[in-house]
Amino acid sequence: QVQLVESGGGLVQPGGSLRLSCAASKNSFEVGAMGWFRQAPGKQRELVATISRSGSENYADSVKGRFTITRDNTVDTVYLQMNDLKPEDTAVYYCYAAAIAPGTTYTAWGQGTQVAVSS
């Protein structure tokens, strides 16, 4: 099983920055693509950003130019640098990772970390 542990959420004023981290413990699995989704109250979970193992990035239009996703494959950790935060970025942010083993793949999810943007 792959377990994901997130950190870095919190309360920030509009225009501020936060950095989220998500570390994977592999337990004989390999980690493929990683990324972040978010879910605001009363809304569906939506994709924020993804990054492949080779570093290819993809972003939701709403965060392009403000958020940057990176990863460190040596420690199986993905990061989300969030700049110029807006109230509409308020949500629970969930990390995910593609867990790969011979004959099986599945998506592992973190427990979620709250991001609140408010003055």
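All residue numbers here refer to positions counted from 1 along the written sequence of the relevant chain. Two thresholds apply to this predicted model, a pLDDT of at least 70 for residue-level local features and 80 or more for giving and counting side-chain atom pairs, whereas whole-chain, interface and lining totals are computed over all residues. Excluding hydrogens and water, the side-chain values take into account all heavy atoms of the structure.

### What about the nonpolar core?
Rule in force here: To form a nonpolar core, buried Ala, Val, Leu, Ile, Met, Phe, Trp, Tyr and Cys residues must be joined to one another through side-chain atoms within 4.5 Å. Summary of the burial criterion: residues with accessible area below 20% of their type's maximum are buried, those above 50% are exposed, and those between are partly exposed, where the area comes from a 1.4 Å probe applied to protein chains only. Going along the chain from the N terminus, every DSSP run of H or I of four or more residues is numbered as a helix, and every run of E of two or more is numbered as a strand. Note on definitions: a residue-residue contact is assigned when non-hydrogen atoms from the two residues lie within 4.5 Å.
Core analysis: the largest hydrophobic core is formed by 33 residues, its most contacted members being Trp36, Leu80, Met82 and Tyr93. Of all the secondary-structure elements, those providing two or more residues to this core are strand S3 (18-25), strand S4 (30-39), strand S5 (46-51), strand S7 (67-72), strand S8 (77-82), strand S9 (91-101) and strand S11 (113-117). When residues of this core are assigned to their parent elements, the largest contribution, 6 residues, is made by S9. When neighbours within four sequence positions are excluded, Tyr93 is seen to be in contact with Glu6, Leu20, Trp36, Phe37, Arg38, Val48, Phe67, Leu80, Met82, Gly112, Thr113 and Val115.

### Thoughts on the sheet that holds strand S1 (residues 3-7)
We count it as follows: Here, any two strands with at least 2 DSSP bridges between them count as paired. The convention used is that axes are lines fitted to C-alpha atoms, helices contributing only their stretch in contact, and that angles between N-to-C directions extend from 0 to 180 degrees.
Ordered by their spatial adjacency, 4 strands build an open sheet running S1-S3-S8-S7, and the pairing between neighbours is antiparallel. Edge strands, defined here as strands with exactly one partner in the open sheet, are S1 and S7. Ignoring which end each strand starts from, the neighbouring axes of this sheet average 15 degrees apart. Sheet topology note: the S7/S8 ladder contains 6 bridges and is antiparallel. Within S8, the position partnered with Thr68 by the bridge is Gln81.

### A word on the confidence of the model for the chain
What counts is decided by this rule: Residue-level confidence of the predictor is summarised by pLDDT, bounded by 0 at the bottom and 100 at the top.
Scored by pLDDT, the chain comes out at a mean of 95, with 100% of its residues at no less than 70. Of all secondary-structure elements in the chain, the lowest mean pLDDT belongs to strand S10 (residues 104-109), at 91, while S5 reaches the highest, 98.

### Section: unusual backbone geometry
For Asp76, which is not glycine, the phi dihedral falls at a positive 50 degrees. Looking at where Asp76 falls in the secondary structure, it is placed in the loop between S7 and S8. When its relative accessible area of 7% is taken as the criterion, Asp76 is described as buried.

### Section: the environment of Ala24
For Ala24, the location among the structural elements is in strand S3. Taking C-alpha positions, Ala24 is 25 Å from Lys64, a pair spaced 40 residues apart along the chain. Not counting chain neighbours up to four residues away, the residues in contact with Ala24 comprise Val2, Gln3, Leu4, Val31, Met34, Val75 and Asp76.

### A word on the packing of aromatic side chains
Defined as follows: A pair of Phe, Tyr and Trp rings is counted when the ring centres sit within 6.5 Å of each other, with Trp represented by its six-membered ring. The angle between the planes then sorts it: under 30 degrees is stacked, over 60 is edge-to-face, the rest tilted. Only when the NZ of Lys or the CZ of Arg is both within 6 Å of the ring centre and within 35 degrees of the ring normal is a charge said to sit over the ring.
Within this structure, the stated rule accounts for 4 aromatic pairs. Taken together, the ring pairs in this structure connect Phe37, Tyr96 and Trp109 into an aromatic cluster. Just above the ring of Tyr94 sits the side chain of Arg45; from NZ or CZ to the centre is 3.8 Å. Between the NZ or CZ atom of Arg45 and the centre of the ring of Trp109, over which it lies, the distance is 4.9 Å.

### Side note on the state of the cysteines
Where we set the bar: In this description, a disulfide is simply a cysteine sulfur pair whose atoms lie within 2.5 Å.
Tallied over the full model, the rule gives 1 disulfide. At a sulfur-sulfur separation of 2.0 Å, the disulfide partner of Cys22 is Cys95. Because the sign of the S-S torsion sets the handedness, a value of about -80 degrees for the bond joining Cys22 and Cys95 places this disulfide among the left-handed ones. One end of the pair, Cys22, is in strand S3; the other, Cys95, is in strand S9, and 73 residues separate them in sequence. Judged by relative accessible area, Cys22 falls into the buried class, the value being 0%.

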